[in-house]
Amino acid sequence: MKFNAPRGTNDILPPDTLKWQYIEKKTHEIFSNYNYQEIRTPIFEYTELFQRGIGEVTDIVEKEMYTFEDKGGRSITLRPEGTASVIRSFLENKIYGQAQPTKYYYIGPMFRYERPQSGRFRQFHQLGVEAIASNDPALDAEIISLGMRLLQDFGLNDLELHLNSVGCGECRPTYVDKLKKYLNENKEQLCDNCKSRIDRNPLRVLDCKNDSCQSVIKDAPKITDNLCESCADHFNDVQEYLDILNLDYIINPLLVRGLDYYTNTAFEIKDNALGAQDTVFGGGRYNGLAEEIGSRDLPGIGFALGIERLLLSLEAKDIELPVESGVDLYITVIGEQAKKESFKLLDQLRNKGFITEIDYLGRSVGSQMKSADRMNAEYTIIIGENELNNNSATIRNMKSGDEKEIQLSNLLEEMKQLVDKEDI
Ligand code: ATP
Ligand code: MG
């Protein structure tokens, strides 16, 4: 019998897990720096939450959800995204009764039944933020700059920020009617998928990659020319705040997000080096969402970043994250008595924060030294009967080859001198 991980899922193995830990650590640091707090919602929710919160006519709800009935007969769905859960939680826990706005972030796995390919998986990971209960355009700029800052901290400086406004319940319907009319007039040139989208979700036609559709789309009416006064003002203000932060952006009137609850600001950060799956993070305002799932009119804005895509982007640019694996000291032992004494030393060293390792396979000194090498040990020490009797041993710097005779009873102090540890 041979088992494989399900299609579209990945094992994340060491040493790669160190990169993940690094990304998560940076996320916690930077997001707290902007005063966002972490929220953890369940991995699964009742299916209706996503049907309502994402929208019935979206690709996610129509085709991509992992939905099943639990043993109690409830329809359950593995979360395909984070926003609906966060808003559900905000409403359920009556967080609106507290001081506003509420600024949350999350990190975790999401599940979508998609065709697996580079940068597209069935279980993938997002880190995201949501700022709830304020419609201030400065907050839109804050959210965008937060995402950009995170990427900059990882060394990604040359990504493109695409910006658009998708209007609101006032102006979008008029625009959608115009768009529908235009698309119907040019229906013959559209792909079958887009033909069927004209009535169901015409905005989605705008991001179809098909060549023939593209030629129709480029002359389509633009949402940015059809915004109501308050949406146009909001859009201008967002741009002004981005200018204040010196953030470059490209106005892209074709940028529509896949989810129906988006209003006003929409944005995507793209890395041209990534090919078809080029969006590292995307988001926008969703002033219509809270009302959709909780009959409370609350504005909100957020983004979600794909961690796998972030890693691909770093790889494409040969950027190494500053992660290190390795042990501070490998204790090579000769004989049983030495092993027992060393085992005690090992424990004391670990207690003081030194990453310390010992042999567990009864190997020869030579093989133990090879192990130390493979583990990237900074120092080794050989402890046998003689060393125990004389309370003295040789500690060796594996990189330089320098050796130093030390008193065994003084090993802790010596290590403190040798290894520069912040936490010691
Ligand atoms: P795409 O157009 O690439 O399908 P999307 O519009 O479905 O993206 P969102 O729902 O906004 O994406 O999710 C935000 C981010 O999550 C994306 O920008 C991407 O980085 C990542 N992401 C989305 N779907 C996947 C997936 N199946 N595998 C890996 N990452 C994904
Ligand atoms: Mg998608």
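- Under an unreviewed UniProt entry, the name given to the chain is Histidine--tRNA ligase, and the organism recorded is Halanaerobium saccharolyticum.
- The UniProt entry for the chain carries this comment under Subunit (unreviewed entry): "Homodimer."
- Entered under Subcellular location (unreviewed entry) in the UniProt record, the comment concerning the chain runs "Cytoplasm".

Here's the deal with the site of ligand 1
And then number 1: The environment of ligand 1 is made up of 14 residues, and the closest members are Arg-112, Glu-114, Arg-120, Arg-257 and Arg-309.
And then number 2: Residue Arg-120 places a side-chain N or O atom 2.8 Å away from an oxygen atom belonging to ligand 1.
And then number 3: Contact between ligand 1 and Phe-121: a nitrogen atom at 2.9 Å from a main-chain N or O atom of the residue.
And then number 4: With the chains in place, 86% of the 580 Å² that ligand 1 exposes on its own is no longer accessible.
And then number 5: Among the elements that line the shell around ligand 1, the one with the most residues is strand E10 (residues 279–285), at three residues.
And then number 6: For the shell around ligand 1, the residue count by class is five nonpolar, four polar and five charged.

Section: the sheet that holds strand E7 (residues 160–165)
And then number 1: Spatially, the eight strands line up as an open sheet ordered E1-E5-E6-E11-E10-E9-E7-E8, and their pairing is mixed. Both edges of this open sheet fall to strand E1 (37–38) and strand E8 (250–251), since each of them pairs with a single strand only.
And then number 2: Bridge analysis of E1 against strand E5 (residues 102–111) gives two bridges, and the strand direction is parallel. Of the residues in E5, the one forming a bridge with Gln-37 is Tyr-104.
And then number 3: Contacts between helix H5 (residues 137–153) and the sheet are confined to E5, strand E6 (123–132), E7, strand E9 (263–270), E10 and strand E11 (300–306), with E11 contributing the most and set at about 15 degrees to the helix.

As for a nonpolar patch on the surface
And then number 1: A contiguous nonpolar patch, built from Tyr-241, Ile-244 and Leu-245 and spanning about 290 Å² of accessible area, is present on the exposed surface.
And then number 2: Here Leu-245 lies in the loop between helix H9 (229–244) and E8.

A word on the packing of helix H1 (residues 16–33) against H5
And then number 1: In contact at an axis separation of 10 Å, H1 and H5 are set at 140 degrees when each is read in the N-to-C sense. As summarised for this structure, H1 and H5 are arranged oblique, according to the angle between their axes. When you trace H1 past H5, the crossing you get is right-handed. Contacts between H1 and H5 pair Lys-26, Thr-27, Ile-30, Phe-31 and Asn-33 from the former with Leu-146, Arg-149, Leu-150 and Asp-153 from the latter.
And then number 2: A class-by-class count of the residues in the contact of H1 with H5 yields four nonpolar, two polar and three charged.

What counts and what doesn't
- Residues numbered from 1 in each chain as written.
- Chains lettered and ligands numbered in written order.
- Predicted model: local features only at pLDDT ≥ 70, side-chain atom pairs only at ≥ 80, totals over all residues.
- Heavy atoms only, no water.
- UniProt positions renumbered as here; feature names shortened; annotations may be inferred.
- Near = heavy atom within 4 Å.
- Polar contact = N/O pair within 3.5 Å; in protein donor to acceptor, adjacent residues only side chain to side chain.
- Areas by Shrake-Rupley, 256 points an atom, 1.4 Å probe, with all protein chains shown as cover.
- Helix = DSSP H or I, 4+ residues; strand = E, 2+ residues; numbered from the N terminus.
- Nonpolar A, V, L, I, M, F, W, Y, C, P; charged D, E, K, R; others polar.
- Pairing = 2+ DSSP bridges.
- Contact = heavy atoms within 4.5 Å.
- Axes fitted to C-alpha atoms, helices over the stretch in contact; angles between N-to-C directions.
- Patch = residues over 30% accessible without salt bridge, like charges linked within 9 Å, V, L, I, M, F, W, Y side chains within 5 Å.
- Salt bridge = Lys/Arg side-chain N within 4 Å of Asp/Glu carboxyl O.
- Parallel < 35°, antiparallel > 145°, perpendicular 65-115°, else oblique.
- Left-handed = near helix turned anticlockwise from the far one by under 90°.

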